[in-house]
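Results of the structural survey
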Amino acid sequence: MPQKIAAGNWKMNGTRSSLSEIQAIAEAAQDIDCTAILCPPAPLIHSAAGLAGPLAIGGQNCHHAKSGAFTGDISAEQLVDCGASYVILGHSERREGYGESDTLVRDKAQEALRSGLTPIICLGESRDQRTAGQALDIVLAQLSVSVPDDAQIIIAYEPVWAIGTGLVPSVAEITEMHDALRAQLHAIYGASGQDISILYGGSVKPSNAQEIFAIPNVNGALVGGASLKAEDFLPIMRSLAES
Ligand code: PGA
């Protein structure tokens, strides 16, 4: 059975004063029956891990090499050393802003796994690709190249046009995509493909979480803006636990 996972992606938001939100989420998380992960900016990871309790902490990216002359980059091993156990990879903001390809995402995922991190691998189509009827083909092609050999991964389907826009695909569109992802994970990994959590991401909020979590093959969410405050993220976690 896939785990129910609520993952928060803080992106480049927050300073040490925001650690109180992580503490508030961690305290309430004890009583909410789902796996909760927060991915703050790298400088906050070590402090966040110290307060996280039942909450897991993740990075938002890592390099594909173990170590070396890569100014400004962070290795998977360094994330682990600071207390992270997950890492978001292949987010559309990195694919678009830094030209990250599917093969690079796979290399990063392999390195993350070698270091003991569980990768959260993001996939998603653009608005134009969806309008052109290419969404399924694009996302399944991303999946086939971006994933590592090992099935110890999490998948996040995040339509690029739904991220930070308040737009959300229809229930039918999410259902079609998540069913197709499940079938392809089964084709790639066999029986263990059935246990991989497939998260939906893009404008998830307390007000739409229940409807999204009721969709079969949606095993949780990757949440951006609504993960920054305990008052928004906790109701999403509760909706997931009750789904
Ligand atoms: P959003 O971001 O929830 O603010 O739309 C989601 C994400 O980018 O992971």
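Structure's up top.
A short tour of the structure in this document, coming up. (Residues numbered from 1 in each chain as written. Predicted model: local features only at pLDDT ≥ 70, side-chain atom pairs only at ≥ 80, totals over all residues. Heavy atoms only, no water.)

This part is about the overall build of the protein chain. Of regular secondary structure, the protein chain possesses 10 helices and 8 strands. For 243 residues, the compact-globule estimate of 2.2 N^0.38 gives 18 Å, and the C-alpha radius of gyration of the protein chain, at 17 Å, lies within 12% of that figure. Overall size of the protein chain, expressed as C-alpha extent along the three principal axes, is 45 × 45 × 35 Å. For the protein chain, the residues scored as buried account for 52% of the 243 residues in total. In the protein chain, the share of contacts with a sequence separation of at least 24, taken over all contacts with a separation of at least 6, comes to 72%. (Helix = DSSP H or I, 4+ residues; strand = E, 2+ residues; numbered from the N terminus. Rg over C-alpha atoms; globule rule 2.2 N^0.38 Å. Buried < 20%, exposed > 50% of the residue type's maximum accessible area, 1.4 Å probe, protein only. Contact = heavy atoms within 4.5 Å.)

Mapping Gly 124 onto the fold places it in the loop between strand E5 (118–123) and helix H6 (127–131). Since its relative accessible area comes to 11%, Gly 124 is described here as buried. C-alpha separation for the pair Gly 124 and Gly 90, spaced 34 residues apart in sequence, amounts to 9.8 Å.

Further remarks concern the nonpolar core. Ile 155, Leu 181 and Met 237 are the most contacted members of the largest nonpolar core, which has 65 residues in total. Other than its neighbours up to four places away in sequence, Ile 155 contacts Ile 121, Leu 123, Leu 143, Val 147, Leu 181, Leu 185, Ile 196, Ser 197, Ile 198 and Leu 199. Membership of the second largest hydrophobic core comes to 13 residues, among which are Ile 5, Ile 88, Ile 120 and Leu 222. (Core = buried A, V, L, I, M, F, W, Y, C linked by side-chain atoms within 4.5 Å.)

This part covers unusual backbone geometry. Despite not being glycine, Ser 203 has its phi angle at roughly 60°, a positive value. With respect to the element layout, Ser 203 can be found in the loop between strand E7 (198–201) and helix H9 (206–213). The phi angle at Asn 217 is positive, at roughly 70°, despite the residue not being glycine. Looking at the element boundaries, Asn 217 is found in the loop between H9 and strand E8 (220–223).

Around the ligand, the structure places 13 residues, and the nearest of them are Lys 11, His 91, Glu 158, Gly 164 and Ser 203. In the model, an oxygen atom of the ligand is placed 2.7 Å from a nitrogen or oxygen of the Glu 158 side chain. Gly 224 places a main-chain nitrogen or oxygen 2.8 Å from an oxygen atom of the ligand. Its residues assigned to classes, the shell around the ligand comprises 4 nonpolar, 7 polar and 2 charged. (Near = heavy atom within 4 Å. Polar contact = N/O pair within 3.5 Å; in protein donor to acceptor, adjacent residues only side chain to side chain. Nonpolar A, V, L, I, M, F, W, Y, C, P; charged D, E, K, R; others polar.)

Running from N to C, H9 and helix H10 (residues 230–242) cross one another at 20°; their axes reach a closest spacing of 9 Å. Classed by the angle they form, the pair H9 and H10 counts as roughly parallel. Note on packing geometry: the crossing formed by H9 with H10 is right-handed. Note on element contacts: H10 touches H9 through Asp 232, Pro 235, Ile 236, Ser 239 and Leu 240, opposite Pro 206, Ala 209, Gln 210 and Phe 213. Counted by class, the contact of H9 with H10 contains 6 nonpolar, 2 polar and 1 charged residues. (Axes fitted to C-alpha atoms, helices over the stretch in contact; angles between N-to-C directions. Parallel < 35°, antiparallel > 145°, perpendicular 65-115°, else oblique. Left-handed = near helix turned anticlockwise from the far one by under 90°.)

Now for the packing of aromatic side chains. In the structure shown here, the tally under the stated rule is 1 aromatic pair. Seen from the ring of Tyr 98, Arg 94 lies directly overhead, with NZ or CZ sitting 4.1 Å from the centre. Residue placement shows Arg 127 over the ring face of Trp 161; its charged tip is 4.3 Å from the ring centre. (Phe/Tyr/Trp six-rings, centres within 6.5 Å; stacked < 30°, edge-to-face > 60°. Lys NZ or Arg CZ within 6 Å of the ring centre and 35° of its normal.)

Attention now goes to the state of the cysteines. One pass over the full model with this rule turns up 0 disulfides. Cys 39 supplies the cysteine sulfur nearest to Cys 62, a cysteine that is in no disulfide, at a spacing of 12 Å. Left without a disulfide partner, Cys 82 is nearest to the cysteine sulfur of Cys 62, which lies 13 Å away. (Disulfide = S-S within 2.5 Å.)

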